[in-house]
Structure formats: structure tokens, C-alpha cells
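Listed here are the chains, written in short residue letters.
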2 protein chains.
Amino acid sequence: MLTLALIQTRPRFLDVAANWHSAAALIERTEADVFVLPELFLSGYTFSTADQAASAALTQDSHVFDAIRELSAARGIAVCGGYAESANNTLYNSAFLIADGRLLANYRKTHLFYRETQFFAPGDSGFLTVEYRGARFGIMICFDWIFPESARTLALMGAQVILHPSNLVLPYCQQAMYARSVENRVFIATVNRVGRETNSLGDDLTFTGRSQVVSPNGEYLLRLNETEETVRTVAVDPAVADDKQLNIFNTILADRRPQMYHPSMRR
Amino acid sequence: MLTLALIQTRPRFLDVAANWHSAAALIERTEADVFVLPELFLSGYTFSTADQAASAALTQDSHVFDAIRELSAARGIAVCGGYAESANNTLYNSAFLIADGRLLANYRKTHLFYRETQFFAPGDSGFLTVEYRGARFGIMICFDWIFPESARTLALMGAQVILHPSNLVLPYCQQAMYARSVENRVFIATVNRVGRETNSLGDDLTFTGRSQVVSPNGEYLLRLNETEETVRTVAVDPAVADDKQLNIFNTILADRRPQMYHPSMRR
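Residues numbered from 1 in each chain as written. Chains lettered and ligands numbered in written order. Predicted model: local features only at pLDDT ≥ 70, side-chain atom pairs only at ≥ 80, totals over all residues. Heavy atoms only, no water.

Novice: It is not clear to me how helix α6 (residues 172–184) of chain A should be interpreted in this structure. Could you clarify?
Specialist: Given 3.6 residues per helical turn, the α-helix brings residues three or four places apart onto the same face. Residue and element names in this part refer to chain A. Between the first and last C-alpha of α6 there are 19 Å, a value that for 13 residues agrees with the 18 Å anticipated at 1.5 Å per step. Listed as buried for α6 are Y172, C173, Q174, A176, M177, Y178, A179, R180, S181, V182, E183 and N184. Where α6 ends, the next residue or the one after it, R185, has phi of about 50°, a positive value. (Helix = DSSP H or I, 4+ residues; strand = E, 2+ residues; numbered from the N terminus. Expected span 1.5 Å × (residues − 1). Buried < 20%, exposed > 50% of the residue type's maximum accessible area, 1.4 Å probe, protein only.)

Dropping the structure here:
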């Protein structure tokens, strides 16, 4: 069994140090193996310009990552969360998975939402899975959810638990993750932020909270509320996701028939 | 606008003539453009042997299809429903779409569920879409729903309205169609049967009814109950499904990035 901690935060816009400080305080008071934070939890979300996004962007050398590595090593935990990444003069909407003092994965968001397309480059890392404490984790970020190809790709790569840092403003995702879990028989931890942000472009965004964990059978194992900055934990057995057998005749991934699908999803 | 009629039936096992008679009576008293019936509504579902399935199987020449063609021509309507198809000494779990006196489509179920794998061959027709009254329809059958590739394939082929004859016994589908509709921005008419059947193999199946239509925005436009043999109609504007634009920066199908997906769904 592994304990997942969902940290639902209300970031202070552009204040990376303060945002890490708040998140660290929640991590420090919580017993868990894997801590999941929202998309862009270190910077906030609602940028007005690419320069503003760049001003809150981090490189792998940034000081805050020293702190996250140190905390993860000291506690023997994994931490996954989103940040604006600067690399090769390009900005990405990324998520790190840092465990036991080192970076295990850095995923760059594949499907950019709304005005992110103006501030970030489409992710070039591809979907990736990593092993930690005997479990295989996959990462997707927020809007990746609406493309069934995202979770499907991670499931086909062996992910048992999908970590899903988010900044959701639409009402769709939390309800739709039910389908994502049953169609792939995986755990999905969607961690959303709360609060409201505006920018000089007229965007006025209220983030919908309701962070959640769904099981491979579509059970909602944990559901947070819409407004609270808080941390909640749930124990899961990742091996449950290895059982793709729906009944004695049907096995979820093996029963796919790619030759019958549209050429864009065949093989 | 097109009016869809969902005909939720309780088939008499193996009694093709009686089942068509009941369905025709419901069609006759209803004003609609497209009538959708459950999977295997002409035969019933819970076969004990392949021979028993074969005993209720139909060819394209079967008499009941004359009656369906005649009714569709006389009324100027389309009728879609499921049947056990016999062709080339093979049985398929199929669905016809007959309109204005002729067969527009014959789809053979791609993903067989449970014991169907013992009685039917996996469908070889592939997913297909057809035009009727200026709207593009796609067909999938029951368990096809759990594979997101099914509805995705139909949406990529241009389907505006997915007709989904079903014999659902699990509680998953009706809730998950919410995701299928929003991820593809299509209408989906899931038409399920009601009642209970047993067979000599120990299967005891209760069909869950709750036939429904979901809109491209995930609204449930129509929901039937769990037990009633009945017909209900809803008017839809298929052109709404052509608007794949979620916001000024995102367009649902165009934003896919197949090169980032698993090789089995790439291109």
C-alpha cells in the first residue's frame, strides 16, 4: 500500500518562495509516501504576458528544487507538482516528480489549454512513467485529461497510478475522470487549486478545487471541496491496477483492436 | 433539427417476429426521424450455445428486414437496431441502419463482451459513418463504449450523432458517456434494453435500461428509467457537433498530438 497526499493550494501569484513555503508546511504535517500538488502551484496561473510567465519560471538549477530535493530526501517521500519551466530559451508548463532527493521525472504538458498556448511551448517530453516504491506512476497535466489518448498512453506504458496536477476552471474533468479510470483500470489523482485570478487580458478565472482520487473501478476514493487550501490522504494498492480483467472473457487493454481504429490511433 | 426516438424494449427470448412486432408498434405511434433500438433486440441476449444464437440469427434476406425496409419507406424514417447476423457461416453481433427503404449501414460489433466471444466472431466491418437527412451518423454497439478508440474513431470520421444500441448489465456506461460526449463533442444515443434473462450456463443478467442521449457538451438530454419498455423522443441539431471549438485557443480534435501518443494510437 502507498499513501497519496493531495495538496490543494491557493497560490500567491508569482511568489514562488511563498508558494513553496505553504506547500512545505502542509507536507511537513502530513504522513504520506507521495505528495501531489497542482499545476503551476509555484507560480500561479493567470499570466498577462509571456514575460510575466518567464519571471516566475524555474530551471532545474533553481533554488526551490534544492529545497524540494532536501525535503524529499529527509522524509523519504516523493513530491509531484507543476511549475513554469525555462529550458533552452523556451517556457514549458511542466511537472516534476522528485523522490528521495532526486528528480525522477520532468513532464512537459502535451496539450496546452487556452492562453497557455501564448506563453508556453507544447511539451516535447512525451508521456512518461517512473517507478517509485515498487509502483509505476505516470504524469499528465490538467487539460491533457480531455484527450483520452493521454491516460491511455500512460496505461499502455504500465502506469498504475496517474498523477494529475491541474488548474481546472471548467466543470468537466472531475466528472469525466470516472471514465478515464474505468476505461484504463488505473488510479488517477487529480489535484486542483482553489481561488480566483484575473489578468490584464480580461481573464477572470475561478479554480474549481474538488481534487480527487478515482480507483480502477471508478470509485471516488477521496474528494476535496471547492474552496479549501488543505491536504488529505488516501491509501491505495497500486497492484490493483495490474488487474485489467473485467470478467473471465474480457481484459481491458488486451481487448483493444487497433487495426479497427482510425489511422491516427492504429497499430 | 432531427428527432431521435429511443425505443427501450424487453425482448422475448428467441422470438424475432414478436420482438419486431412490439418494436414496430412503438415506432408506429411515434413521430421521429431516427428510431434507435437496443443491441440484439430481435433475438434477446443470453444464449446458452452458439447453436441457440444461430437459431435466432438473420441474413440480409430475412423476412423481418423486408418489414423494416417497408416501414422505413412508408414512413420516411431511419431505424437502427441490433441483431444476430449470419453471413458466410459466421455469426456476428451486428446493427443495421435502414432508412427510406434501404440498408444504409451494417456494423459488426468490434469489441465483444463476456460470453459473446463464444457465440460471435469479432466484427470485421470496421467503424462506419453514414449520412441521412444531412446528418452524419456513426454506430457502435454496447461494450464498444469502454474503448475510447471507438467513439474517437467515429468522431474522426465525422460522426455528429453516435447511435449506440446496447444491452448493458454493468452500471458504468451511462455515467461514462458523459466523458465520451465532451471529449469528442458529439451526440451519443445509448439505447439499452430492460428485463432479466438467464441461461443454462449460470448467467443471470439484469439489463439496466436508463437509455439516454448526451449532447456534445455533456448534457443529458434524455434519460429513461431502469425497467420500462417505452419510447421517448428528443430533438437534436446535429450541426452543433461540428463546433469542436472549446474556446478561442482550443479545438477538440485538431488539438490532438498523435506523435506524442503511444505507438498503438499514433499518426
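Once you've had a look at it, read on.
Novice: Explain the environment of L58(B) to me, please; I cannot follow it from the model alone.
Specialist: Residue and element names in this part refer to chain B. Along the chain, the position of L58 falls in the loop between α2 (50–55) and α3 (63–75). Taking the C-alpha atoms as reference, L58 lies 11 Å from N93; in sequence the two are 35 residues apart. Here L58 is in contact with V16, L42, V64, F65, Y83, A84, E85 and S86, once residues within four sequence places are set aside. (Contact = heavy atoms within 4.5 Å.)

Novice: Quick question: what am I supposed to make of the interface of chain A and chain B here?
Specialist: Often the size quoted for an interface is simply the accessible area lost on bringing the parts together. Between chain A and chain B, the residue contacts involve 54 residues of the former and 54 residues of the latter. Here chain A meets chain B over a buried area of about 4,600 Å², counting both sides, of which 63% is carbon and sulfur. Where chain A touches chain B, the interface holds six salt bridges. Taking the shortest distance from any N to any O, the salt bridge between R180(B) and E183(A) comes out at 2.8 Å. Here chain A and chain B share 20 residue pairs in polar contact (both at pLDDT 80 or more) between them. Taken together, the elements giving at least two residues each to the side of chain A that touches chain B come down to α4 (116–119), α5 (148–156), α6 and β15 (245–247) of chain A. If one sorts the elements of the side of chain A that touches chain B by residue count, α6(A) sits on top with eight residues. Per-class residue counts for the side of chain A that touches chain B are 29 nonpolar, 14 polar and eleven charged. (Buried area = accessible area lost by both parts, 1.4 Å probe. Salt bridge = Lys/Arg side-chain N within 4 Å of Asp/Glu carboxyl O. Polar contact = N/O pair within 3.5 Å; in protein donor to acceptor, adjacent residues only side chain to side chain. Nonpolar A, V, L, I, M, F, W, Y, C, P; charged D, E, K, R; others polar.)

Novice: What should I look at first to understand the pairing of strand β7 (residues 135–139) of chain B in this one?
Specialist: Taken residue by residue, a regular strand's side chains alternate between the two faces of the sheet. Residues and elements named next belong to chain B. Burial runs high along β7: four of the five residues are buried. Taking the residues between adjacent antiparallel strands as the criterion, strand β6 (residues 129–132) and β7 are bridged by two residues, where R133 takes a positive phi near 50°. Pairing geometry for β7 and strand β8 (residues 161–165), over three bridges, is parallel. The residue bridging G138 from the neighbouring strand is I162, located in β8. (Pairing = 2+ DSSP bridges.)

Novice: In this structure, what is going on with the sheet that holds β7(B)? I would like to understand it.
Specialist: Picture the strands of a sheet paired through backbone hydrogen bonds; they go either parallel or antiparallel. Residues and elements named next belong to chain B. As summarised here, the arrangement of the six strands in space is β6-β7-β8-β9-β12-β13, forming an open sheet in which the pairing is mixed. Here the strands that pair on one side only, and so sit at the sheet edges, are β6 and β13 (220–223). Within the sheet, the average angular offset between the axes of one strand and its neighbour, ignoring direction, is 20°. Where strand β9 (residues 187–191) meets strand β12 (residues 212–214), three bridges bridge the pair, whose relative direction is antiparallel. Bridge assignment links T190 to a residue of β12, and that residue is Q212. Strand contacts of helix α6 (residues 172–184): β8, β9, β12 and β13, with the helix running at about 165° to β9, the strand carrying the most contacts. (Axes fitted to C-alpha atoms, helices over the stretch in contact; angles between N-to-C directions.)

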